[in-house]
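Breakdown of the fold
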Amino acid sequence: MESRKVEILNAIVNSYINSPSPVGSRTISKDFNLGVSSATIRNEMADLEDLGYLNKPHTSAGRIPSAKAYRFFVDELRKNLDDDFEVGDKLLDLMLDRAENLNDVFKNAAKILSEKSNYISYVIALKKADSKIRLVQLVLIDSFTILLLVVGDKGVVEKHFFKSDIKIDEEELADINSLLNENLVGINLLEVDSLDITVSGTLTKWTAFITEVIRTIAEFNKDSNKIDFFYDGIKNVFNFQDEINKSQVIDIMNLMESSHLANTLNDFEEDLTIVIGNENEIDIIKENSIIVSSFYDRKREIIGKIGILGPIRMDYRTQIQNVKLTSNNLKLAIDKMLR
């Protein structure tokens, strides 16, 4: 595309992002120093409309950008975007605030990004199979119900509930817990099935229960393809456009609760992906845009994705920076949690 058309198109997109009103040639001439007359801008705008970059509402003489215009704008923006995004202790501290495990960090990151962007944010955590057991904890819920918590060496936490036919007290449960930790902590999960744990004394009556707990632990995190999906800022759906009806709100809320969006986002393999309008595969969000950034472990393997769901008319420069900044700080928070 000719450089003058590029300048005019970028000016129109920027103007429309700042104020959702159809943009006329006089506005561009007044607000942007392009060095050409209003008549020239008007002619170029007509050409851009013919090329599919601009739409003309029936009730206005101005134009609004099409999805094709936003795609061109974003592609041009990325060519000149600085990849050196700041990381800082303040944001890192917020991610680690009251975090007992990685899931807490992911929830904090989603909350931070939703507040920075004013849109819906999400974090996808790929559940890599933990290789060793860090901790086994049995918690008495009531006399017949026991909660099993298993923590892996990568910080993944699994929870399982057991119902006992025999009444159990805190002292007996503590003895069972000690037995399990003595035999399981630090061993490879692949070896759990072959373990031969001797149960003696007063714990003999709990042999069947202990065997069932060990069998459950052996299955811990075997589904390494499973992903966890966290999101925040669902109320920000009202920032997506000037008018949004109740049906659209419900559809987007249901989408966030389903696995459809998470699986779609997980398919993106680039470090930064921006999907605009009709480029979205999911019908519900064809009037929205998605920004997705991958985050990595120390070996540069992708361990998750973070991003936002917002309107097509968003400030892409600012929102890309918000996503990348949060992504980079999230990586540091994960490193600290796993030390």
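Rules used in this analysis
- Residues numbered from 1 in each chain as written.
- Predicted model: local features only at pLDDT ≥ 70, side-chain atom pairs only at ≥ 80, totals over all residues.
- Heavy atoms only, no water.
- Helix = DSSP H or I, 4+ residues; strand = E, 2+ residues; numbered from the N terminus.
- Rg over C-alpha atoms; globule rule 2.2 N^0.38 Å.
- Buried < 20%, exposed > 50% of the residue type's maximum accessible area, 1.4 Å probe, protein only.
- Contact = heavy atoms within 4.5 Å.
- Areas by Shrake-Rupley, 256 points an atom, 1.4 Å probe, with all protein chains shown as cover.
- Patch = residues over 30% accessible without salt bridge, like charges linked within 9 Å, V, L, I, M, F, W, Y side chains within 5 Å.
- Salt bridge = Lys/Arg side-chain N within 4 Å of Asp/Glu carboxyl O.
- Axes fitted to C-alpha atoms, helices over the stretch in contact; angles between N-to-C directions.
- Parallel < 35°, antiparallel > 145°, perpendicular 65-115°, else oblique.
- Left-handed = near helix turned anticlockwise from the far one by under 90°.
- Nonpolar A, V, L, I, M, F, W, Y, C, P; charged D, E, K, R; others polar.
- Pairing = 2+ DSSP bridges.
- Polar contact = N/O pair within 3.5 Å; in protein donor to acceptor, adjacent residues only side chain to side chain.

**Points about the overall build of the chain**
- When helices and strands are tallied, the chain shows 11 helices and 10 strands.
- In terms of C-alpha radius of gyration, the chain reaches 27 Å, well past the compact-globule figure of 20 Å for 339 residues.
- Taken over the C-alpha atoms alone, the chain extends approximately 95 × 40 × 30 Å along its principal axes.
- Buried positions account for 47% of the 339 residues belonging to the chain.
- In the chain, the proportion of contacts linking residues at least 24 apart, taken out of those at least 6 apart, comes to 63%.
- A total of about 17,900 Å² of accessible surface is found on the chain, and carbon and sulfur atoms cover 46% of it.

**Examining a nonpolar patch on the surface**
- Taken together, the side chains of Val 139, Ile 141 and Phe 161 present a nonpolar region at the surface, about 280 Å² in accessible area.
- With respect to the helices and strands, the residue Ile 141 is situated in strand S4 (residues 133–142).

**Things to note about the packing of helix H7 (residues 170–184) against helix H8 (residues 207–218)**
- It is the contact of H7 with H8, at a shortest axis distance of 12 Å, that shows an interaxial angle of 40°. Between H7 and H8, the angle is such that the two are oblique. In this structure, H7 crosses over H8, and the sense of that crossing is right-handed. Counting all contacts with H7, which are made through Ile 176, Leu 179, Leu 180 and Leu 184, the residues of H8 involved are Phe 209, Ile 210, Val 213, Ile 214 and Ile 217.
- For the contact of H7 with H8, the per-class residue count stands at nine nonpolar, no polar and no charged.

**Let's talk about unusual backbone geometry**
- Even without being a glycine, Arg 98 presents a positive backbone phi close to 55°.
- Within the secondary structure, Arg 98 is located in the loop between helix H5 (89–96) and helix H6 (102–117).
- The class for Arg 98 is exposed, based on a relative accessible area of 76%.
- A positive phi angle, near 65°, is found at Asn 118, a position not held by glycine.
- Inspection of the secondary structure puts Asn 118 in the loop between H6 and strand S3 (120–126).

**Quick notes on the sheet that holds strand S10 (residues 302–311)**
- Reading across the sheet, the five strands line up as S7-S3-S10-S9-S8 and stay open at both edges, with antiparallel pairing between neighbours. Each edge of the sheet is formed by a strand with only one pairing partner; in this case those strands are strand S7 (227–232) and strand S8 (272–276). Adjacent strand axes in the sheet meet at a mean angle of 15° when their direction is disregarded.
- Relative to S10, S3 runs antiparallel, the two being bridged by six bridges. Its bridge partner being in S10, Ser 121 is matched across the sheet by Ile 308.
- Sheet strands touched by helix H9 (residues 246–257): S3, S7, strand S9 (288–296) and S10. Its angle to S7, the strand with the most contacts, is close to 145°.

**Focus on the side chain of Asn 108**
- Mapped onto the fold, Asn 108 is located in helix H6.
- Exposure remark for Asn 108: the relative accessible area of 18% places this residue in the buried category.
- When residues no more than four places from it in sequence are discounted, the contact partners of Asn 108 are Leu 94, Met 95, Leu 96, Asp 97 and Ala 99.

**With respect to the pattern of salt bridges**
- Across all of its chains, the model carries 13 salt bridges by this definition.
- Glu 49 is the partner of Arg 63 in a salt bridge, and the nearest nitrogen-oxygen pair spans 3.0 Å. With Arg 63 in the loop between strand S1 (54–55) and strand S2 (64–65) and Glu 49 in helix H3 (residues 38–50), the pair connects residues that are 14 residues apart, well separated along the chain.
- Taken together, the shared-partner salt bridges in this structure form one network comprising Glu 2, Arg 4, Lys 5, Glu 44 and Asp 47.

**A word on the sheet that holds S4**
- Across the sheet, which stays open at both edges, the three strands sit in the order S4-S5-S6 with antiparallel pairing between neighbours. Two strands lie at the open edges of the sheet, namely S4 and strand S6 (157–163), each paired on one side alone. Adjacent strand axes in the sheet meet at a mean angle of 20° when their direction is disregarded.
- As paired elements, S4 and strand S5 (residues 145–152) share eight bridges and run antiparallel to each other. Looking across to S5, one finds that Gln 137 is bridged to Leu 149.
- Of the strands in this sheet, S4 and S5 are in contact with H7, which crosses S4 at around 165°.

**A closer look at the side chain of Thr 145**
- When you line up the elements, Thr 145 lands in strand S5.
- Judged by relative accessible area, Thr 145 falls into the buried class, the value being 7%.
- Within the local environment of Thr 145, its side chain forms a polar contact with the side chain of Lys 163, the two groups lying 2.6 Å apart.
- Setting aside its immediate chain neighbours within four residues, Thr 145 contacts Val 139, Leu 140, Phe 161, Phe 162 and Lys 163.

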